[in-house]
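The residues making up each chain are set out below.
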Amino acid sequence: MALSSPVWIKSWASLFLAMVAGLGMNVAGLAQNVKAAAGEHNPPEIANARIARALQNISAERIRATVEKLVSFHTRQTLSAQDDAAIAAGRGIGAAREWIKAEFERYSKACGGCLEVKSDSFTETAADRIPTPTQITNVYAVLKGTDPQSAKRMVLVTGHYDSRNSGELDASSDAPGANDDASGTAVSLECARVLSQQKFPATVLFLAVAGEEQGLNGSSHFAQMAKQQGWNIEAVLNNDIVGGDQSALQDSSVVRVFSEGLPQAATEAQVRRIRALGGENDSPSRQLARYITEVARIYRTGVEPRMIFRLDRYLRGGDHSAFNQQGFAAVRFTEYREDYNHQHQDVRTEKGMEYGDLAKFVNFEYVASVARLNAATLASLASGPAPPVKVRLVTKKLENDSTLTWESSTGGLATGYEVVSRATSSPAWESVSAVGQVNRATLKFSKDNVIFAVRAVDAQGHRSLPVVPDPER
Ligand SMILES: [Zn+2]
């Protein structure tokens, strides 16, 4: 939270007055909150100098080199060649895959072998847009967390390295895919290059998937594997079409952040509860989107995230959805305004109009800004504590106070907790109550009128993702 802004001062002041005015509050509770309001327990959100330095290392020129290299393989269509001869000739998805792997390995060499570079390879059976069984390979690098207790917590950044042109089965003509999605792949790679120069308590995964254009095949396989292996992925950042196409109506100061409302993985019982409690706007993915907007207020990334409360663009899809289906919090970053002449098009000129997803339409400074926003989010989450668990809103009797309880954040990084709240009609958190190193807090306003969540905070001011309570009778 930007505590220095007038809005925040106002909301803190009114919250504090509300707490003092609350006749029901016991003395210990008041003391706790007074200290909290003075910032003794929980530090304000300030930029971590180490993270800020990492962001400075993100380079538009490096991103340009990555995008141009990916374009140089002529096509990265999932059905394109991946035999040894094609790899040697530098043409097709196999050559792209080998280059991405080598690039991750190069970053790893520069950090003393800190990255584990892996492939997730499988044969996809024939389907709509896959005429014959096809080998699909996701490539990823693991920056293992340095804290044994926190290393099982993971955050992930991804982009798809496959491309396409006008024909969804065209495996041989040029499909440069500079914006869709060499740009997102470059974000994943650049985050790996820069963040691997640092150490984090939790684990960071850098992923490049294939098969997106044929039906989210790579991401679906990876997300299922993660679910089956019980990976604790707290956040998935999918970057797809983040090139900032340089068309006249582009707004290069904005990146859209799409997040699902009703979770795709919710059971019928969970959907009934969401309906009953007014929780349609509070999926874990939406909490991640809100977290990204808070990160953007703390770090100068050069681009403003604009939350879009929708799974994806109208009737369209992307890799974050494959993670959502397995129950992970996942969002999609996409440029403000897409130019449909420059994606899913054969490269050609017609009546003076240039078609095709060429590198010359990409704004590399913009991609670098999006990469900074991704890196800042990954670094903040991987530095910070695990979210609190079993967060409950006590509803044993009818009352106008609201009492929340929770179990401590695991891993020992948390030094306190914050209760955040907002009006039911508001998109973002509006007030923060630092309640200290406790497992219970009573707020002097009614649960009927606001949405609450609880998050953990560490001594440096890194926040966990907030957790919305379940009712407890
Ligand atoms: Zn795409």
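**Student:** Quick question: what am I supposed to make of helix 9 (residues 217–228) here?
**Tutor:** Three- or four-residue spacings in an α-helix give side chains the same orientation, since the helix completes a turn every 3.6 residues. In this model helix 9 runs 16 Å from its N-terminal to its C-terminal C-alpha over 12 residues, within 8% of the 16 Å that 1.5 Å per residue would give. Asn217, Gly218, Ser219, Ser220, His221, Phe222, Ala223 and Ala226 are the residues of helix 9 that are buried. Just beyond helix 9, the residue with positive phi is glycine 230, at close to 70°.

**Student:** I tried to follow the domain arrangement of the protein chain on my own but got confused; where do I start?
**Tutor:** Many descriptions give the size of an interface as the accessible area lost when the pieces come together. Under the domain assignment, the protein chain is made up of domain 1 (6–40 + 386–472) and domain 2 (49–383). Computed over C-alpha atoms only, the centres of domain 1 and domain 2 are separated by 34 Å. Of the residues lining the interface, 14 residues belong to domain 1; the matching set on domain 2 comes to 18 residues. For the side of domain 1 that touches domain 2, the residue count by class is 10 nonpolar, 4 polar and no charged.

**Student:** Is there a simple way to think about the packing of helix 7 (residues 178–195) against helix 13 (residues 364–383) in this case?
**Tutor:** In contact at an axis separation of 9 Å, helix 7 and helix 13 are set at 50° when each is read in the N-to-C sense. The orientation of helix 7 relative to helix 13 falls into the category oblique. The handedness of the crossing between helix 7 and helix 13 comes out as right-handed. The segment helix 7 lies against helix 13, with Ser183, Ala186, Val187, Glu190, Cys191, Val194 and Leu195 engaging Val367, Val370, Ala371, Asn374, Ala375, Leu378 and Ala379. Class assignment for the residues of the contact of helix 7 with helix 13 results in 11 nonpolar, 2 polar and 1 charged.

**Student:** Where do I start with unusual backbone geometry in this structure?
**Tutor:** Peptide bonds are, in most cases, trans, and in most cases residues other than glycine have a negative phi. Put simply, aspartate 180 and aspartate 181 share a cis peptide bond, and its omega is 5°. Of note in this structure, histidine 74 is not a glycine but carries a positive phi near 70°. At leucine 216, a residue that is not glycine, the phi angle is positive and equals roughly 55°. Structurally, leucine 216 is set in the loop between helix 8 (212–215) and helix 9. Note on leucine 216: 21 C-beta atoms within 10 Å, which makes it buried.

**Student:** Would you mind going over the environment of arginine 91 with me for this structure?
**Tutor:** With respect to the element layout, arginine 91 can be found in the loop between helix 5 (84–89) and helix 6 (93–110). As for arginine 91 and leucine 315, which are separated by 224 residues in sequence, their C-alpha atoms are 32 Å apart. When neighbours within four sequence positions are excluded, arginine 91 is seen to be in contact with Phe73, His74, Ala81 and Ala86.

**Student:** It is not clear to me how the sheet that holds strand 12 (residues 402–407) should be interpreted in this structure. Could you clarify?
**Tutor:** Strands in a sheet are paired, the pairing made by backbone hydrogen bonds, and the direction either parallel or antiparallel. Spatial ordering of the open sheet is given by 15-12-11-17, a layout of 4 strands whose pairing is mixed. Sheet topology places strand 15 (440–443) and strand 17 (470–472) at the edges, where each strand pairs with a single neighbour. In this sheet, adjacent strand axes meet at a mean angle of 30° when their direction is disregarded. Across 3 bridges, the pairing between strand 11 (residues 389–394) and strand 17 is parallel. Of the residues in strand 17, the one forming a bridge with arginine 392 is aspartate 470.

**Student:** I keep staring at the sheet that holds strand 13 (residues 416–423) and nothing clicks. Help me out?
**Tutor:** Across the sheet, 3 strands lie side by side as 14-13-16; this open sheet has antiparallel pairing. Across the chains shown, the open sheet's two edge strands, defined by having one partner strand only, are strand 14 (431–436) and strand 16 (450–457). Pairs of neighbouring strands in the sheet enclose a mean axial angle of 25°, with direction left out of account.

**Student:** Whenever I open this one, helix 3 (residues 49–56) confuses me. Can you help?
**Tutor:** Of all the positions in helix 3, only Ile51, Ala54 and Leu55 are classed as buried. Mapping the buried residues of helix 3 onto a view down its axis gives an arc of 100°, with all of them on the same face. Among the exposed residues of helix 3, those oriented more than 90 degrees off its buried face are Ala49 and Gln56. In this fold, the buried residues of helix 3 make contact with helix 7 and helix 13.

**Student:** Which parts of the structure should I look at to understand the pairing of strand 3 (residues 153–160)?
**Tutor:** Along any regular strand, the residues point their side chains to alternate faces of the sheet. Counting buried positions along strand 3 yields 8 of 8 residues, so the element is predominantly enclosed. Looking at chain direction, strand 3 and strand 5 (residues 232–239) are connected through 6 bridges and run parallel. What sits directly across from leucine 156, in strand 5, is valine 236. Taken together, the 7 bridges between strand 3 and strand 4 (residues 203–209) define a ladder with parallel strand orientation. Paired with threonine 158 across the two strands is leucine 207, which belongs to strand 4.

What counts as what
Residues numbered from 1 in each chain as written. Predicted model: local features only at pLDDT ≥ 70, side-chain atom pairs only at ≥ 80, totals over all residues. Helix = DSSP H or I, 4+ residues; strand = E, 2+ residues; numbered from the N terminus. Expected span 1.5 Å × (residues − 1). Buried ≥ 20, exposed ≤ 12 C-beta atoms within 10 Å, placed from the backbone. Domains from an automatic or database assignment. Contact = placed C-beta atoms within 7 Å. Nonpolar A, V, L, I, M, F, W, Y, C, P; charged D, E, K, R; others polar. Axes fitted to C-alpha atoms, helices over the stretch in contact; angles between N-to-C directions. Parallel < 35°, antiparallel > 145°, perpendicular 65-115°, else oblique. Left-handed = near helix turned anticlockwise from the far one by under 90°. Pairing = 2+ DSSP bridges. Arc of directions from axis to C-beta.

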